[in-house]
Amino acid sequence: MAINWTEAQVAELVAKVVSEIRSGSPAPATENWSSTQYNGRKLIGVYATMEEAIAAAEAGYKAIRATSVADREKFITSIRNYCRAEAGTMAALGVAETKMGRVDHKTAKHMLVADKTPGTEDIVAEAKTGDYGLTLTERAPFGVVGAITPSTNPSETVICNSMGMIAAGNGVVFNPHPGAIATSNYAVDLVNRAVHAVGGPEVLVASVAKPTLDTADVMYKHPAIRLLVCTGGPGVVKAVLASGKKAIGAGAGNPPVIVDDTADIEKAAKDIIDGCTFDNNLPCIAEKEVFVFNNVADRLIAGMQKNGCILLTREQADKLAEVVLNKKVNEKTGKVSYVVNRDCVGRDARVILAKIGINVGPEIRCAIAEVPFEHLFVQEELMMPILGIVRVKDIDEAITLACKAEHGNRHTAHMHSKNIDNLSRFAKEVETTIFVKNAPSYAGIGFGGEGHTTFTIAGPTGEGITSAKSFTRLRRCVMADHFRII
Ligand code: NAD
């Protein structure tokens, strides 16, 4: 399972996938397909009502309670294999349905899930022995987990969540994002096919054909749901945390990057743009704004331009901000807020730029602009290949502004530097769940960096880079006076 991706391997995989897709090799059908069927084949585990979906997941949970850990590991291995085999299909479906992201990068994300999501080895019991005997603490399943998934990494999140939750012994019911329901339900079906193929229940993970806020509400209130896991923006995380149930919340981020004058500037420019443009900036960990020391800013910007960026004038940046964000004024308070224009989220840079009359080719993968700290490109989580760059005079100013731009999400931050004092100071002060040094953001989820992967990064509730053990409850078993063998 421990695959260490080198940059060359990632590039090779992406090139292979792109060539396969171009040659039509996986040939995913994106026309005859909906939230309940794919090419006329009914998707397994998809129900008309949330009540039916919960009942099916509960029956699946009861069925796997009777299976061994080795059986569960067999299910996980099978899910890995199916995920690898159908990665290109799911990537193409995701882009076709949501119009967001890139097929090559989404394929790589599914491969990452298949290779680096932990399985049953993540569930480890603890033993304590002493004068009074032996006490065991074991990690038990919750039962049926209710999971809310986003539109930005739809099938990736369904599969990654399923693997961890099943490894922990749970059944799962999903209320996926309505804008990515057909892709998400394809993934639900894939998990069920993979599990059943190696002797598991026919349905272990379930979903609904038409997810709504009402079906989510049924999930929150249903007595069979013992744990809620929510991956999405601030609204849904708030709703889940208010449910009165044990909840894991993986919410929004706005990851800042600091570049100081000790960094390898050419590498920093490439790393930042590679991370920022990965799946067109959809990952919540992706670089969203940059704070660069004034004395190296020109070199950083030139390096970015060499790596597929167009440098916008301030006037162009302001014009673009008006297009990619919709302004809202609260009628009562007069408070101004901004909502991202869904037609721009996760789109190619050239598609977004065309909206303000700038026509560029596919070689341009990101729009960059020098802006002041208050600019919307710094303050808002755009999830688009657009990067605001702010010049700073020193590390004090860089850290102060970067922490403010992170908005207390405590999600992710990045830094390019060789000064260990500066690196340590920013890491301490920003308090994020993920902190990446001298690499593209995706190193933080195991892509060219050590450690396991997840697409559910639980900052608000503290589980961090979630894995199977995050979806367990602790149980203690005490044997008094015996079984200490020393
Ligand atoms: P979103 O917030 O629009 O939707 C997430 C899910 O919540 C969807 O299934 C949606 O239908 C549902 N939803 C929204 N409001 C709800 C409510 N009140 N009750 C029940 N369900 C509700 O998110 P999105 O646009 O698909 O994803 C992007 C957001 O998610 C970004 O803010 C991104 O940072 C965040 N995100 C975070 C992580 C993480 O691991 N922390 C991972 C992916 C995405």
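Please read these numbers as outputs of a predicted model, since none were measured by experiment.

Peer 1: So what exactly am I meant to see when it comes to the nonpolar core here?
Peer 2: A general tendency of soluble globular proteins is for nonpolar side chains to be buried together. In terms of nonpolar packing, the biggest core is built from 66 residues, with Val259, Val290, Phe291, Leu300, Met304, Val324 and Phe377 touching the most fellow members. In contact with valine 290, other than residues within four places in its own chain, are Val257, Val259, Ile272, Leu300, Met304, Leu387, Gly388, Ile389 and Val390. Core analysis: the second largest hydrophobic core is formed by 57 residues, Leu204, Val229, Ala439 and Ala468 among them.

Peer 1: Hey, could you run me through the site of the ligand in this one?
Peer 2: Taken together, 30 residues lie around the ligand, and Ser151, Gly233, Arg342, Glu381 and Ile457 are the ones closest in. Taking serine 151, its main chain carries an N or O atom lying 2.6 Å from an oxygen atom of the ligand. Between the ligand and phenylalanine 455 there is a distance of 3.5 Å, counted from an oxygen atom to a backbone nitrogen or oxygen. In the complex, the protein chains occlude 86% of the 840 Å² of accessible area that the ligand would expose alone. Those elements that provide at least two residues to the shell around the ligand are β6 (144-149), β7 (171-176), α8 (213-221) and α9 (234-241). With three residues, the single largest contributor to the shell around the ligand is α8. Split into classes, the residues belonging to the shell around the ligand amount to 15 nonpolar, 13 polar and two charged. When residues of the shell around the ligand are sorted by domain, at least three fall in each of domain 1 (24-251 + 463-477) and domain 2 (256-450).

Peer 1: Is there a simple way to explain the packing of aromatic side chains in this structure?
Peer 2: Tallying each qualifying case throughout the model produces six aromatic pairs. When the centroid spacing of 5.5 Å and the interplanar angle of 90° are considered together, the rings of phenylalanine 278 and phenylalanine 447 count as edge-to-face. Residue phenylalanine 278 is located in the loop between α10 (265-276) and β12 (289-293), and its partner phenylalanine 447 is located in the loop between β19 (434-437) and β20 (457-458); the two are separated by 169 residues in the primary sequence. Phenylalanine 447 gets classed as buried once you look at its relative accessible area, which sits at 3%. Taken together, Phe278, Tyr442 and Phe447 form an aromatic cluster joined through their ring pairs. The residue whose ring lies beneath arginine 193 is tyrosine 186, and the NZ or CZ to ring-centre distance is 5.8 Å.

Peer 1: Before we go on, may I ask you to explain the environment of glycine 146 in this structure?
Peer 2: Along the polypeptide, glycine 146 turns up in strand β6. A C-alpha to C-alpha distance of 6.0 Å links glycine 146 and isoleucine 225, two positions 79 residues apart in sequence.

Peer 1: Got a minute to help me understand the domain arrangement of the protein in this structure?
Peer 2: It is common to give the size of an interface as the accessible area lost on bringing the parts into contact. Entries for the protein in the domain assignment read domain 1 (24-251 + 463-477) and domain 2 (256-450). Relative to domain 2, the C-alpha centre of domain 1 lies at a distance of 31 Å. Facing the 16 residues of domain 1 at the interface are 19 residues of domain 2. Surface buried jointly by domain 1 and domain 2 totals about 1,400 Å² across both partners, of which 60% is contributed by carbon and sulfur atoms. For lysine 106, the salt bridge identified is with aspartate 279, shortest N-O distance 3.0 Å. Our enumeration of links across domain 1 and domain 2 arrives at nine residue pairs in polar contact (both at pLDDT 80 or more). Elements represented by at least two residues in the side of domain 1 that touches domain 2 include exactly α5 (103-116) and β21 (464-465).

Peer 1: Would you explain the environment of glycine 446 in this entry?
Peer 2: In this fold, glycine 446 is placed in the loop between β19 and β20. Of the residues examined, glycine 446 reaches a relative accessible area of 1% and is grouped as buried. A C-alpha to C-alpha distance of 7.3 Å links glycine 446 and lysine 116, two positions 330 residues apart in sequence.

Reading guide: rules and limits
- Residues numbered from 1 in each chain as written.
- Predicted model: local features only at pLDDT ≥ 70, side-chain atom pairs only at ≥ 80, totals over all residues.
- Heavy atoms only, no water.
- Core = buried A, V, L, I, M, F, W, Y, C linked by side-chain atoms within 4.5 Å.
- Buried < 20%, exposed > 50% of the residue type's maximum accessible area, 1.4 Å probe, protein only.
- Contact = heavy atoms within 4.5 Å.
- Near = heavy atom within 4 Å.
- Polar contact = N/O pair within 3.5 Å; in protein donor to acceptor, adjacent residues only side chain to side chain.
- Areas by Shrake-Rupley, 256 points an atom, 1.4 Å probe, with all protein chains shown as cover.
- Helix = DSSP H or I, 4+ residues; strand = E, 2+ residues; numbered from the N terminus.
- Nonpolar A, V, L, I, M, F, W, Y, C, P; charged D, E, K, R; others polar.
- Domains from an automatic or database assignment.
- Phe/Tyr/Trp six-rings, centres within 6.5 Å; stacked < 30°, edge-to-face > 60°.
- Lys NZ or Arg CZ within 6 Å of the ring centre and 35° of its normal.
- Buried area = accessible area lost by both parts, 1.4 Å probe.
- Salt bridge = Lys/Arg side-chain N within 4 Å of Asp/Glu carboxyl O.

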